[in-house]
Amino acid sequence: LTMKNISKCKMAYYLLTGVIGILFFGVIGKEGAILTNDSSFFLGMHGKGATGYIIYPAFIRFFVFIFGENHGLILIWLIQSVLAYSVSLYMSEWLRNRFELSYLLTMVCFLLSLLPYGYTLPEYVATHEIMTEGIAISIFNMLFILLLRWSLDRENKILWHVFFLLFLLILTRPQLLTILVAAIYVCISEVFNGFIQKKDAVKRRVAYVLLGAMCVV
């Protein structure tokens, strides 16, 4: 491809991702903020929810307090949607640069990254919901791509971002505490790889078995 053709592909790619983002997060399904049975807890209307939910209730109540319930809820789903779109675009762009993907394959990656937000379809997209999933999915996806970056490129400074996002994710949705185990597994397995890379295949398999047993315990 010539530079001119690449430039056209790049412009088409960004234009198309923008249009898809607007359609997916703003047009498909019900519009506006979606309240569920558990949303009243995050809004502070009544009762106490499960312990451990710290960030999301504060996030919701801040915007409702500053802008009122109607405008605050609109801003919340807009912020959740913009965050989700930005993370999906970042993920696909990093994959394109890291693996030298074509813009066509990058678009496929972008579309696939939207799928987690569509589990509530056809009623609405998850970012419209006043629930922790509105931001937890985005945090999880960002955490995943940063772990992948560290695993492949050994950018050790990324680990600080990884641990920060782990902390943020657990305080946002405590059920995702298991991701901490996965992150630790990735880090330890990479350390093991470096330690035994000069050993024979049998010893490597033994080390993986021991590592797996440690994680199970």
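Residues numbered from 1 in each chain as written. Predicted model: local features only at pLDDT ≥ 70, side-chain atom pairs only at ≥ 80, totals over all residues. Heavy atoms only, no water.

Moving on: the overall build of the protein chain. Scanning the protein chain from terminus to terminus reveals eight helices and zero strands. Along the protein chain, helices and strands appear, N-terminal first, in the series α-α-α-α-α-α-α-α. The long-range share in the protein chain, meaning contacts at least 24 apart out of those at least 6 apart in sequence, stands at 65%. Total accessible area computed for the protein chain in this model is approximately 12,800 Å², and 71% of it derives from carbon and sulfur atoms. (Helix = DSSP H or I, 4+ residues; strand = E, 2+ residues; numbered from the N terminus. Contact = heavy atoms within 4.5 Å. Areas by Shrake-Rupley, 256 points an atom, 1.4 Å probe, with all protein chains shown as cover.)

Below, the discussion takes up the packing of aromatic side chains. Here a ring pair, both rings aromatic, is described through the centre-centre distance and the interplanar angle of the planes. Under the definition given, this model contains twelve aromatic pairs. Each ring, one from phenylalanine 25 and one from tyrosine 117, has its centre 5.7 Å from the other, and the planes form 70°; the classification is edge-to-face. In this pair, phenylalanine 25 is assigned in helix α1 (residues 3-26) and tyrosine 117 in the loop between α4 (103-114) and α5 (133-153), connecting sequence segments 92 residues apart. Taken together, a centroid distance of 6.0 Å and an interplanar angle of 85° make the contact between tryptophan 94 and phenylalanine 99 edge-to-face. Accessibility expressed as a relative area gives 10% for tryptophan 94, which makes it buried. The partly exposed category is assigned to phenylalanine 99, whose relative accessible area is 41%. Here the aromatic cluster, defined as three or more aromatic residues joined through ring pairs, consists of Phe41, Phe42, Tyr56, Phe59, Phe62, Phe63 and Phe67. Above the ring of phenylalanine 41, the side-chain terminus of arginine 61 is found at 5.9 Å from the ring centroid. (Phe/Tyr/Trp six-rings, centres within 6.5 Å; stacked < 30°, edge-to-face > 60°. Buried < 20%, exposed > 50% of the residue type's maximum accessible area, 1.4 Å probe, protein only. Lys NZ or Arg CZ within 6 Å of the ring centre and 35° of its normal.)

Time to look at the nonpolar core. Judged by nonpolar contacts, the single largest core of 17 residues is most densely connected at Leu143, Ile145, Leu146, Ile158, Val162, Leu165 and Leu169. Those elements giving two or more residues to this core turn out to be α3 (55-99), α5 and α6 (158-172). (Core = buried A, V, L, I, M, F, W, Y, C linked by side-chain atoms within 4.5 Å.)

A word on α4. Over its twelve residues, α4 runs 17 Å from end to end, which matches the ideal 16 Å to within 8%, given 1.5 Å per residue. Listed as buried for α4 are Tyr103, Thr106, Met107, Phe110, Ser113 and Leu114. Buried residues in α4, looked at end-on, bunch into an arc of 120°, giving them a common side. (Expected span 1.5 Å × (residues − 1). Arc of directions from axis to C-beta.)

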